[in-house]
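Spelled out, the chains give:
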Amino acid sequence: MSSPDRAWTGQAPGRVNLIGEHVDYLGGVVLPAAVNRFTTVRGEPANDWSIDSEVPGGLPYARAVGEELGASPQAFRVTSDVPPGSGLSSSAALLVATAAGLRPDLDGREAALTCQRAEQRATGVQVGVMDQFAAALGRQGHALLLDCGTLDYRLVPFHDDLVLAVIDSGIHRALVDTPYNQRRQEAESGMPKRRRHVESEIERVHAFALALEAGDRGALGELLKASHRSLRDDFEVSTPAVDRLVERAWSVPGCLGARLMGAGFGGSVLALLEAGAEDRVRRALPELIVRFCKTADGAYVW
Ligand code: GLA
């Protein structure tokens, strides 16, 4: 049976990426975590594909997952507290929630790959597998050290004495409207600056995982800052407004480090805080939405 013949429900979380940006589609290593914001998709077989959602634009994603799984047309109903455009990968949450509802029996890796293909098919953007993988197989209390070449991963403990703050820059662009495919192509073709980012970022991911295990907060902060400079200067996916925001976050006492998170060209900033620094960050960035997140389980974790 390729799809259920009755109503079904699937749920998946959003994600943050601690470090390892623009390396997943090159088979690099990344360190995302699923977070406690969720999308729920309810569905049932119907005569044609349709969606009922507060957020426009979701149908091509959910439908592409259904088609990748060989499902008959479905009527989807979506509820979510993963804000679109917030940097928490609401698209991966929608894709993986749909897959988990239609095919809860899938292997989590297979589900993530299916959702990656669905996103590529729905948008034409040649995204990597990081976001879908985190939404499928993230674990509460952990980040995932994921090798995007082999899809092997290791859980790295992430404790509540560190706080994940996701700062919305207010500049939202759909991936399809960004030079994402162009950056990917430049990196794949070996353009020196792009390669320098990729190689240095992969080293930072390994160093960050070690620093997390060792509780070396100074190193965590420096690695985040170095990641941002590399995304800004070598991969050229930041903007002056995001750079200013990152530097304001860096200056808040108790903020270990911060960097552009996700594809870039606006979007959001991840800041890593010592527990207790939340109010200081809010006060330092009063005009912006700051979302404090905790790690959570992915849709394919039982
Ligand atoms: C987006 C893509 C991911 C990844 C990041 C950049 O979130 O969906 O696959 O490439 O950008 O690290």
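Cut-off values and rules
Residues numbered from 1 in each chain as written. Predicted model: local features only at pLDDT ≥ 70, side-chain atom pairs only at ≥ 80, totals over all residues. Heavy atoms only, no water. Buried < 20%, exposed > 50% of the residue type's maximum accessible area, 1.4 Å probe, protein only. Helix = DSSP H or I, 4+ residues; strand = E, 2+ residues; numbered from the N terminus. Pairing = 2+ DSSP bridges. Axes fitted to C-alpha atoms, helices over the stretch in contact; angles between N-to-C directions. Parallel < 35°, antiparallel > 145°, perpendicular 65-115°, else oblique. Left-handed = near helix turned anticlockwise from the far one by under 90°. Contact = heavy atoms within 4.5 Å. Nonpolar A, V, L, I, M, F, W, Y, C, P; charged D, E, K, R; others polar. Near = heavy atom within 4 Å. Polar contact = N/O pair within 3.5 Å; in protein donor to acceptor, adjacent residues only side chain to side chain. Areas by Shrake-Rupley, 256 points an atom, 1.4 Å probe, with all protein chains shown as cover. Phe/Tyr/Trp six-rings, centres within 6.5 Å; stacked < 30°, edge-to-face > 60°. Lys NZ or Arg CZ within 6 Å of the ring centre and 35° of its normal.

A. Fine view of the pairing of strand 9 (residues 255–261). Of all 7 residues in strand 9, 7 are buried, a share of seventy percent or more. The pairing of strand 9 with strand 10 (residues 268–274) spans 6 bridges and is classified as antiparallel. What sits directly across from Gly257, in strand 10, is Leu272. Connecting strand 9 to the next strand, strand 10, in antiparallel fashion are 6 residues, including Gly262 with a positive phi near 85°.

B. The arrangement of the packing of helix 6 (residues 192–214) against helix 7 (residues 217–233) in detail. Following both chains from N to C, one finds helix 6 and helix 7 inclined at 165°, their axes separated by 10 Å at the closest point. If you check the angle between helix 6 and helix 7, you find them roughly antiparallel. In the crossing of helix 6 with helix 7, the sense of the turn from one axis to the other is left-handed. Contacts between helix 6 and helix 7 involve Lys193, His197, Ser200, Glu201, Arg204, Ala207, Phe208, Ala211 and Leu212 from the first element and Ala219, Leu220, Leu223, Leu224, Ala226, Ser227, Ser230, Leu231 and Asp233 from the second. In the contact of helix 6 with helix 7, the residues fall into 10 nonpolar, 4 polar and 4 charged.

C. Local environment of the site of the ligand. Residues in close proximity to the ligand include Arg15, Glu21, His22, Asp24, Tyr25, Val127, Gly128, Met130, Asp131, Tyr180, Gly262 and Ala263, which together make up its full environment. Within the backbone of Gly128, an N or O atom sits 3.0 Å from an oxygen atom of the ligand. Isolated, the ligand exposes 310 Å² of accessible area, and the fraction of that covered by the protein chains is 96%. Among the residues forming the shell around the ligand, the class breakdown is 5 nonpolar, 3 polar and 4 charged.

D. Region of the structure containing the sheet that holds strand 10. Sheet architecture is open: 4 strands sit in the order 9-10-8-11, paired in antiparallel fashion. Unpaired on one side and paired on the other, strand 9 and strand 11 (290–293) mark the two borders of the sheet. Adjacent strand axes in the sheet meet at a mean angle of 25° when their direction is disregarded. Where strand 8 (residues 162–168) lies against strand 10, 7 bridges are found, and the strand directions are antiparallel. Bridge pairing in strand 10 places Asp168 opposite Ser268. Strands strand 8, strand 9 and strand 10 of the sheet are contacted by helix 8 (residues 240–250), whose axis makes an angle of about 165° with strand 9.

E. View of the packing of aromatic side chains. By the definition in use, this model includes 5 aromatic pairs. Plain terms: the ring middles of Trp49 and Phe76 are 5.9 Å apart, the flat faces sit at 25° to each other, and that makes the pair stacked. In this pair, Trp49 is assigned in the loop between strand 3 (32–45) and strand 4 (50–53) and Phe76 in strand 5 (residues 74–80), connecting sequence segments 27 residues apart. Assigned by exposure class, Trp49 and Phe76 land together as buried. A network of ring pairs unites the aromatic residues Trp8, Trp49 and Phe76 as a single cluster. Residue placement shows Arg194 over the ring face of Phe235; its charged tip is 6.0 Å from the ring centre.

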